[in-house]
Amino acid sequence: MSAETVATAPEKGPRHVALIMDGNGRWAERRGLPRVVGHREGVQALRRTIKAAPDFGIRCLTVFGFSTENWSRPADEVSDLMGLVRSFVGSDLKRLEAAGVRVRVLGRRKGLPADIAAIVDRAETQTAHNDRFLLQVAFNYGGRADLADAAQRLVDLARAGELSGDVTEEDLGLGLSTAGSPPVDLIVRTSGEQRLSNFLLWEAAYAELVFQDILWPDYGAEALGQAVAAFGSRERRFGGRDAVEDAAPEATTVKAAV
Ligand code: IPE
Ligand code: IPE
Ligand code: MG
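What counts, and at which threshold
- Residues numbered from 1 in each chain as written.
- Chains lettered and ligands numbered in written order.
- Predicted model: local features only at pLDDT ≥ 70, side-chain atom pairs only at ≥ 80, totals over all residues.
- Heavy atoms only, no water.
- UniProt positions renumbered as here; feature names shortened; annotations may be inferred.
- Near = heavy atom within 4 Å.
- Polar contact = N/O pair within 3.5 Å; in protein donor to acceptor, adjacent residues only side chain to side chain.
- 1 Å grid on protein atoms, 1.4 Å probe; cavity = no way out; pocket = protein on both sides within 12 Å on 5 of 7 lines; lining within 4 Å.
- Sits in = over half its atoms within 2 Å of the grid points.
- Helix = DSSP H or I, 4+ residues; strand = E, 2+ residues; numbered from the N terminus.
- Nonpolar A, V, L, I, M, F, W, Y, C, P; charged D, E, K, R; others polar.
- Salt bridge = Lys/Arg side-chain N within 4 Å of Asp/Glu carboxyl O.
- Buried < 20%, exposed > 50% of the residue type's maximum accessible area, 1.4 Å probe, protein only.
- Contact = heavy atoms within 4.5 Å.
- Areas by Shrake-Rupley, 256 points an atom, 1.4 Å probe, with all protein chains shown as cover.
- Pairing = 2+ DSSP bridges.
- Axes fitted to C-alpha atoms, helices over the stretch in contact; angles between N-to-C directions.

By the naming in an unreviewed UniProt entry, the chain is Isoprenyl transferase, taken from Brevundimonas faecalis. Check the Function (unreviewed entry) section of the UniProt entry for the chain; it says "Catalyzes the condensation of isopentenyl diphosphate (IPP) with allylic pyrophosphates generating different type of terpenoids."

Draft legend 1. Seen up close, the site of ligand 2. The immediate surroundings of ligand 2 are formed by I20, M21, D22, F64, G65, F66, N70, R73, R189, R195 and S197. Contact between ligand 2 and N70: an oxygen atom at 2.9 Å from a side-chain N or O atom of the residue. Between an oxygen atom of ligand 2 and a side-chain N or O atom of R189, the distance comes to 3.3 Å. A majority-of-atoms criterion places ligand 2 in the largest pocket. Top element by residues in the shell around ligand 2 is strand β2 (residues 60-67). It accounts for 3 residues. Taken together, the residues of the shell around ligand 2 sort by class into 4 nonpolar, 3 polar and 4 charged.

Draft legend 2. Quick peek at the pattern of salt bridges. Counted by the stated rule, this structure contains 18 salt bridges. With its nearest N and O atoms 2.8 Å apart, the salt bridge here joins D22 to R189. One end of the pair, D22, is in the loop between β1 (16-20) and α2 (24-30); the other, R189, is in strand β5 (residues 186-189), and 167 residues separate them in sequence. We classify R189 as buried; its relative accessible area is 6%.

Draft legend 3. Structural context of the UniProt feature "binding site: Mg(2+)" (unreviewed entry) in the chain. The sites that UniProt annotates as "binding site: Mg(2+)" (unreviewed entry) are D22 and E208. Filtering the just-named annotated residues for those lining the largest pocket gives D22. When near neighbours in sequence (up to four residues on either side) are disregarded, D22 contacts R189, T190, S191, E193, L215 and W216. E208 sits in the buried class, given a relative accessible area of 15%. Those residues in contact with E208, other than ones at most four positions away along the chain, are D185, L186, I187, F231, R234 and R236.

Draft legend 4. Spotlight on the site of ligand 1. As a matter of local geometry, ligand 1 sits amid 13 residues, with D22, G25, R26, R35 and R73 nearest to it. Between ligand 1 and G23 there is a distance of 3.4 Å, counted from an oxygen atom to a backbone nitrogen or oxygen. Separating an oxygen atom of ligand 1 from a side-chain N or O atom of R73 is a distance of 2.7 Å. In isolation ligand 1 has 380 Å² of accessible area, and contact with the protein removes 86% of it. The cavity that encloses ligand 1 is the largest pocket.

Draft legend 5. Spotlight on the side chain of T190. Topologically, T190 is positioned in the loop between β5 and β6 (208-211). Overall, T190 belongs to the buried group, its relative accessible area being 0%. For T190, the side chain forms a polar contact with the main-chain oxygen of D22, separated by 2.7 Å. For T190, the contacting residues outside a window of four places in its chain are I20, M21, D22, Q212, I214, W216 and Y219.

Draft legend 6. Structural view of the sheet that holds β2. Strand order across the open sheet formed by 6 strands is β3-β4-β2-β1-β5-β6, with parallel pairing between neighbours. Each edge of the open sheet is held by one strand with a lone partner, namely β3 (101-106) and β6. Each strand of the sheet is rotated relative to its neighbour by a mean of 20°, with strand direction disregarded. As judged from the 4 bridges shared by β1 and β5, these two strands associate in the parallel manner. Bridge pairing links V17 to L186 in β5.

Rendered as structure tokens:
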């Protein structure tokens, strides 16, 4: 499927796509290369995917870069992944800013090396004025940790006397790191694995799930088009009896949402 095909009917396509970018290690191992090469190629795949996304009517991409559980990997791999964040922001931030992309980093800042936390802050501040496209990077992110943090915020508000009555879904949602971003329409996982691995547990409630066998370093416009096409063939009912064509009204602009 070409970008044009979908671009003619973007109202039918997903506005917010979340990607579990999996399979870097296997991509490298199959070539007899060190895993870090797979991660580096994964960054290239991310660049291709960000570039292709607007052609499919996508306004927001959320990508899983590093989970709270990924700290359990060997120290050299963790350090390689941190190094890739440094180099990605260093080489791509200006271009993303110029392209109208707003960058937002999801996950716990505490626990990140100080220089990475500073880089992440800079990426957010430098692109805060943009509203054409929202790129959310989940880094040191876990869905359970995010829910725990949202619950802690409610406890703090209640202790301060700023919360009364029963807790609503909206109250809790406002404390998540995705607060204000458009609803997640589609979650894609590459590499053939079929699990969420602690990604967007709350936000996944009514997202469509697509699992693709392709390894992340091979991802790009074509594979994204296939995921968008799979989404287009789904009927979303949100618990009702009829299909809902447009779950996220156009009024949900990136600027208003963030
Ligand atoms: C995804 O690729 C990237 C991260 C989790 C950071 P993996 O490193 O998990 O690759 P596989 O699953 O071992 O192939
Ligand atoms: C999920 O992939 C995390 C990221 C893609 C960043 P993992 O490779 O860490 O997940 P598991 O261990 O296979 O569940
Ligand atoms: Mg993996």
